[in-house]
Amino acid sequence: DVKVTQSSRYLVKRTGEKVFLECVQDMDHENMFWYRQDPGLGLRLIYFSYDVKMKEKGDIPEGYSVSREKKERFSLILESASTNQTSMYLCASRLDRNYGYTFGSGTRLTVV
Amino acid sequence: AQSVTQLDSQVPVFEEAPVELRCNYSSSVSVYLFWYVQYPNQGLQLLLKYLSGSTLVKGINGFEAEFNKSQTSFHLRKPSVHISDTAEYFCAVRTGGATNKLIFGTGTLLAVQP
């Protein structure tokens, strides 16, 4: 089975800090995605990547950036964390456009 | 642009009763539809998907969904629920084009009571 691992289940950070959320998949998937999940809003796409060093903005990219230096790792970066970025963050990957997604367990980030 | 609407934010139901979770979509192109389940403190798991062919799709854990093109719906059903089915359920549509991706609904919390 494909595993998508998010390095932290829970994180608490201070306003203004630079925050890194890490996601690693172990099955050589080409595509990776970052979503945030908020009550009543469902999952909203922040950024996605179709290959190493490639990235595209999703629906809500403001305040975020991403890095994909290696195929297995996709990092989400909050340049200067704010309280409105308190949320559950979900990473997903898929082999290519014809396959389904595999999700990680999520990182619950609290910005105080 | 494609979108998904889940009108019910929460559906309470007694154990062993049937349940239907509603999902409506809008799309101007061929649709590919999905239902995912999220158990507490976990990521999302694929329940079932409709890509083409039979409009009645069977998934894991006894769930099924029916694709209805005329009503633009993809409702999820189970004839008899268990306590363990308590979870949040998300409907999703896959966008078209070379860089297709999933667009999710806002989710429905299925709360099964004894």
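Below is a short write-up of the structure.

1. A closer look at the pairing of strand S7 (residues 64–67) of chain A
Pairing between S7(A) and strand S8 (residues 73–78) of chain A: four bridges, direction antiparallel. Pairing of Ser65(A) across the sheet is with Ile77(A), part of S8(A).

2. Here we look at the side chain of Ser49(A)
Residue and element names in this part refer to chain A. Within the secondary structure, Ser49 is located in strand S5 (residues 42–49). Within the structure, the side chain of Ser49 is placed 2.6 Å from the backbone oxygen of Met54, a separation counted as a polar contact. Separated by 3.0 Å, the side chains of Ser49 and Arg68 make a polar contact. Residues within four places of Ser49 in sequence aside, it is in contact with Glu30, Asn31, Met32, Met54, Lys55, Arg68 and Phe74.

3. Some remarks on the nonpolar core
Core analysis: the largest hydrophobic core is formed by 29 residues, its most contacted members being Trp35(B), Leu48(B), Phe74(B), Leu76(B) and Tyr89(B). The set of elements that each furnish at least two residues to this core consists of strand S2 (10–14), strand S3 (19–21), strand S5 (33–38), strand S6 (44–50), strand S8 (64–68), strand S9 (73–78), strand S10 (87–94) and strand S12 (108–113) of chain B. Broken down by element, this core gets its largest block of residues, four residues, from S10(B). Non-local contacts of Phe74(B), meaning those with residues more than four positions away in its chain, are made with Cys23(B), Leu33(B), Phe34(B), Trp35(B), Leu48(B), Tyr50(B), Ala65(B), Glu66(B), Phe67(B) and Cys91(B). Grouped together as the second largest cluster of nonpolar side chains are 20 residues, Leu21(A), Ile60(A), Leu78(A) and Tyr89(A) included.

4. Some thoughts on the interface of chain A and chain B
Contact residues are listed per partner, giving 22 residues for chain A and 19 residues for chain B. Summing the contributions of chain A and of chain B, the shared interface buries around 1600 Å²; its carbon and sulfur component is 50%. Taken together, the links from chain A to chain B amount to zero salt bridges. On the surface where chain A and chain B come into contact, there are four residue pairs in polar contact (both at pLDDT 80 or more). Broken down by secondary-structure element, the contributors of at least two residues to the side of chain A that touches chain B are strand S4 (31–38), S5 and strand S9 (87–94) of chain A. Looking at the side of chain A that touches chain B, its residues break down into eleven nonpolar, six polar and five charged.

5. Things to note about unusual backbone geometry
Residues and elements named next belong to chain B. Non-glycine residue Asn41 carries a positive phi angle of around 60°. Looking at the secondary structure, you find Asn41 in the loop between S5 and S6. Classification of Asn41 as partly exposed rests on a relative accessible area of 48%. Phi at Asn61 is positive, roughly 60°, even though this residue is not glycine. Take Asn61: its relative accessible area is 40%, and that puts it in the partly exposed class.

What counts and what doesn't
- Residues numbered from 1 in each chain as written.
- Chains lettered and ligands numbered in written order.
- Predicted model: local features only at pLDDT ≥ 70, side-chain atom pairs only at ≥ 80, totals over all residues.
- Heavy atoms only, no water.
- Pairing = 2+ DSSP bridges.
- Helix = DSSP H or I, 4+ residues; strand = E, 2+ residues; numbered from the N terminus.
- Polar contact = N/O pair within 3.5 Å; in protein donor to acceptor, adjacent residues only side chain to side chain.
- Contact = heavy atoms within 4.5 Å.
- Core = buried A, V, L, I, M, F, W, Y, C linked by side-chain atoms within 4.5 Å.
- Buried < 20%, exposed > 50% of the residue type's maximum accessible area, 1.4 Å probe, protein only.
- Buried area = accessible area lost by both parts, 1.4 Å probe.
- Salt bridge = Lys/Arg side-chain N within 4 Å of Asp/Glu carboxyl O.
- Nonpolar A, V, L, I, M, F, W, Y, C, P; charged D, E, K, R; others polar.

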